[in-house]
Amino acid sequence: MKEKLKTMRRVLALVLVFVLGLSFATPVASSAKGKTATVTMKAKKVTSYGYNPATDDLLGESETVFFNGNGDIPYLDLCKQKTGLDQLFAMTGSTTGLKEKKKGNTVTWTRTYQGLPFDCVFDFKKNTINFVDLDGFFRFENNSLLSSESVLPTVASLFQQGRTYNRFGKSIKIDLNKYGIKLLKTKKGYYIPLQTFSDIFMSPFGMFYLYNGDALFMYNNSSIPEKMEEAYYKAPVKKNSKAFAAFNYNELCLALDMNYGLKETHDIGTFDDFFTETGLKSEIMDRDAGMTDVALNTVINLYFDDLHCAAGSLTYNTDRDKIKKAIESIPEGSFREKTFATMKELNGARKVYYPNGFVPYEEVGNTAYITFDSFAGGVVGGDLTIPGDADLPNLGNDTFKLMQYSLAKITRPGSPIKRVVLDLSCNGGGQVNTACYLLGTFLGESSMSFKNMLTHATSEINYKPDVNLDGQFDNQDTLAGRGLKLYCLTSGFSYSCGNLVPNVFKSSGKVTLIGRTSGGGSCEVRFFSTASGSVFQISGRRRISFSKNGGFYDVDRGADPDVYMEDMSKLYDRKYMNTVLDGIH
């Protein structure tokens, strides 16, 4: 696994004292009655695959999974997983590995961050996992406590970190007994269910495991690539045992209880209660693993009803054609339906004015219009040059480069530009670090605030960007303070980062919003698998906020416009929009 994770590290670089503690657990379907009388772990050698998007290849090596006697719930040797976890931390820039201490019925992993130790204690007698500080344990190097802004090494040279505020959260005790999940110990080792390890320890890195009975797969998106599908779907289809079906349900409850960031908004106490109240519990516990896919699609499309959540690749262990037909009959929630309709309407209206595609940067009279539909891109291969006019057609795919180009054009000698309009009306979101860069370009500094809805930790971090690529972080890197009038176009489809930016603009008082209320989407996206082999993504436990008067406020309801547009199609008639701007000031 060590070599595989070294390879994955290279690949993914192209792509990613507490007084009161929180104990969360709820009685759910039992997958094991009472204590396990005998633990006899049987090893099975399998191939473990990662995926290299640069070459479209699977990277395979030998791995061992374990089963207790004749049971069918796969386990991992906990202590051997430490090496793999070290590699994931190294991928984020960490130079120190986990320290491990084994003593009787406990295993303690300690991660030291800037001299502070953060423990994770596995108690194999009490069947618990305890984090003195979950956020501190998983904190990324050189980032705030909650790390959601994800300023990765590839773009770190473009940011100067300013003041940072962290409020540490409460300790976390995961009582696996209440979920019917078992940690197992023998004289030879300590074992954790494969899915439990994936949900707790891999998800903070945006990754998960899939196991199809023959091979193990590691990935980091809701839809697995074609090459991985070929290997994943080779496994024979069979009905799950009752014990495995119960474990699949219990583990899904654990994963969502820990990680779904909008539980409070949706009035969800525990997911066992939620699945019971919605009538989906029996579906998830069906021995046909495909029924979990049907239930997940129902939960995500109808009940969660937000654009950060999505059902992905189906389990290998079902009649997929039959399950796909069942999923097709599931209706969309009202918000998703309305938002997708807005997206279709706006894209159609824009195409009337831009039949060959939108222009990322254009000047209409004394007004510069900057347009892109996804916060994406970053420094690749050390390229630190300002883009030229020949690069313009591709700049909609790289927000970093688009900001560099736009600043250079707007501030060039003799520039006629007096007004700058950022068009986010068709922007569905993307990478948070690109939003940091854009906010700094417009405001001089980006202020990002986050709250962990599980631990209640909060974090605020400020960055200045280097946009003119001179290696300095000063007032030459921003549009602020130049006497320019700044605007932002928003719609109901301005989602996630496309919603975060208007909210920060609104609170700054320096940018006028035009259009309709932005669509919301306040949580980071996290990817998960189920024990039965389904893949999905959810609004994660770290919620993007904005700070005002020392408080952290959710941005999920969207930012209201300062100037309401009745006919949204007019947003793309730039000459008409200039007359609108003339009337504002």
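Residues numbered from 1 in each chain as written. Predicted model: local features only at pLDDT ≥ 70, side-chain atom pairs only at ≥ 80, totals over all residues. Heavy atoms only, no water.

1. Observations regarding the overall build of the protein chain
Then comes step 1: Check the secondary structure of the protein chain and you find 15 helices and 26 strands.
Then comes step 2: Compactness check: the protein chain gives a C-alpha radius of gyration of 25 Å against a globular reference of 25 Å for 585 residues, within 12% of the reference.
Then comes step 3: Over its C-alpha atoms, taken along the principal directions, the protein chain stretches across nearly 80 × 55 × 45 Å.
Then comes step 4: Taken across its 585 residues, the protein chain has 58% of its residues classed as buried. (Helix = DSSP H or I, 4+ residues; strand = E, 2+ residues; numbered from the N terminus. Rg over C-alpha atoms; globule rule 2.2 N^0.38 Å. Buried < 20%, exposed > 50% of the residue type's maximum accessible area, 1.4 Å probe, protein only.)

2. Section: the sheet that holds strand 21 (residues 485–490)
Then comes step 1: Strand order across the open sheet formed by six strands is 16-17-18-21-22-26, with mixed pairing between neighbours. Across the chains shown, the open sheet's two edge strands, defined by having one partner strand only, are strand 16 (361–364) and strand 26 (563–564).
Then comes step 2: Note: strand 22 (residues 512–515) against strand 26, two bridges, orientation parallel. Across the sheet, residue Ile-514 finds its bridge partner in strand 26, namely Val-563. (Pairing = 2+ DSSP bridges.)

3. Observations concerning the confidence of the model for the protein chain
Predicted coordinates in areas of low pLDDT are best not read in detail.
Then comes step 1: Put simply, the protein chain has an average pLDDT of 90, and 92% of its residues get 70 or more.
Then comes step 2: Of the regions scoring below 50 in pLDDT, residues 1–20 engages in 52 contacts with residues more than four places distant in sequence or in other chains. (pLDDT = per-residue confidence, 0-100. Contact = heavy atoms within 4.5 Å.)

4. Quick notes on the environment of Leu-395
Then comes step 1: Tracing the backbone shows Leu-395 in the loop between strand 17 (367–371) and helix 12 (399–410).
Then comes step 2: Between the C-alpha atom of Leu-395 and that of Val-359, which follows or precedes it by 36 residues, the distance is 9.0 Å.
Then comes step 3: Contacts of Leu-395, omitting those with residues within four sequence positions, involve Pro-360, Pro-387, Lys-401, Leu-402 and Tyr-405.

5. Observations concerning the packing of helix 9 (residues 290–304) against helix 10 (residues 320–328)
Each pair of packed helices can be described by the angle between their axes along with the distance between the axes.
Then comes step 1: With their axes 10 Å apart at the nearest point, helix 9 and helix 10 run at an angle of 20° to one another. Classified by the angle their axes make, helix 9 and helix 10 are roughly parallel. The interaxial crossing formed by helix 9 with helix 10 has right-handed handedness. Two secondary-structure elements touch here, helix 9 through Gly-290, Met-291, Asp-293, Val-294 and Asn-297 and helix 10 through Ile-323, Ala-326 and Ile-327.
Then comes step 2: Residues belonging to the contact of helix 9 with helix 10 are distributed by class as follows: five nonpolar, two polar and one charged. (Axes fitted to C-alpha atoms, helices over the stretch in contact; angles between N-to-C directions. Parallel < 35°, antiparallel > 145°, perpendicular 65-115°, else oblique. Left-handed = near helix turned anticlockwise from the far one by under 90°. Nonpolar A, V, L, I, M, F, W, Y, C, P; charged D, E, K, R; others polar.)

6. Topic: the nonpolar core
Then comes step 1: Membership of the largest hydrophobic core comes to 78 residues, with the highest contact counts inside it found for Trp-109, Ile-129, Phe-131, Phe-201 and Phe-275.
Then comes step 2: The element that contributes the greatest number of residues to this core is helix 6 (residues 242–259), accounting for nine residues.
Then comes step 3: Residues Leu-392, Met-403, Ile-417 and Leu-439 belong to the second largest nonpolar core, which totals 51 residues. (Core = buried A, V, L, I, M, F, W, Y, C linked by side-chain atoms within 4.5 Å.)

7. Structural notes on a positive patch on the surface
Then comes step 1: A cluster of basic residues, Lys-125, Lys-126, Lys-173 and Lys-178, forms a positive patch on the protein surface.
Then comes step 2: Assignment of secondary structure puts Lys-178 in the loop between strand 10 (171–175) and strand 11 (184–185).
Then comes step 3: For Lys-178, a relative accessible area of 41% translates into the label partly exposed. (Patch = residues over 30% accessible without salt bridge, like charges linked within 9 Å, V, L, I, M, F, W, Y side chains within 5 Å. Areas by Shrake-Rupley, 256 points an atom, 1.4 Å probe, with all protein chains shown as cover. Salt bridge = Lys/Arg side-chain N within 4 Å of Asp/Glu carboxyl O. Lys, Arg positive; Asp, Glu negative; His and termini not counted. Charge placed at Lys NZ, Arg CZ, Asp CG, Glu CD.)

8. So, helix 12
Then comes step 1: The end-to-end C-alpha separation of helix 12 is 16 Å, in line with the 16 Å expected for twelve residues at 1.5 Å each.
Then comes step 2: For helix 12, the buried fraction is high: ten of the twelve residues fall into the buried class.
Then comes step 3: Residues Thr-399, Phe-400, Lys-401, Leu-402, Met-403, Gln-404, Tyr-405, Ser-406, Leu-407 and Ile-410 constitute the buried set of helix 12.
Then comes step 4: If you follow the buried residues of helix 12, they end up packed against strand 9 (159–167), strand 16, strand 17, strand 18 (419–423) and helix 13 (432–443).
Then comes step 5: Here helix 12 starts with a cap whose side-chain oxygen sits 3.1 Å from the backbone nitrogen of Phe-400, and that cap is Asp-398. (Expected span 1.5 Å × (residues − 1). Polar contact = N/O pair within 3.5 Å; in protein donor to acceptor, adjacent residues only side chain to side chain.)

9. Digging into the pattern of salt bridges
Then comes step 1: With the rule as written, the count across this model stands at 17 salt bridges.
Then comes step 2: Among the ionic pairs, Arg-163 bridges to Glu-445, the shortest N-O distance being 3.3 Å. Pair noted here: Arg-163 is in strand 9 and Glu-445 is in the loop between helix 13 and strand 19 (446–452), with a separation of 282 residues, a long-range link.
Then comes step 3: Assessed through its relative accessible area of 55%, Arg-163 is described here as exposed.
Then comes step 4: Given the relative accessible area of 27%, Glu-445 is considered partly exposed.

10. Thoughts on unusual backbone geometry
Then comes step 1: For Asp-56, which is not glycine, the phi torsion reads 55° and is therefore positive.
Then comes step 2: One non-glycine residue, Asp-305, adopts positive backbone phi at about 55°.

11. Looking at the packing of helix 4 (residues 194–202) against helix 6
Then comes step 1: Where helix 4 meets helix 6, the closest approach of the two axes is 10 Å, and the angle between their N-to-C directions is 10°. What the angle tells us is that helix 4 and helix 6 run roughly parallel. Side by side, helix 4 and helix 6 meet where Gln-195, Thr-196, Asp-199 and Ile-200 of the first sit next to Phe-247, Glu-251, Leu-254, Ala-255, Met-258 and Asn-259 of the second.
Then comes step 2: Class assignment of the residues belonging to the contact of helix 4 with helix 6 gives a composition of five nonpolar, three polar and two charged.

12. Concerning the state of the cysteines
Linking two cysteines covalently through their sulfur atoms gives a disulfide.
Then comes step 1: Summed over all chains, the structure comprises zero disulfides.
Then comes step 2: For Cys-79, which is in no disulfide, the shortest distance to another cysteine sulfur is to Cys-120 and amounts to 12 Å.
Then comes step 3: Given the relative accessible area of 15%, Cys-79 is considered buried.
Then comes step 4: Cysteine Cys-253 shares no disulfide, and the gap to the nearest cysteine sulfur, in Cys-309, comes to 16 Å. (Disulfide = S-S within 2.5 Å.)

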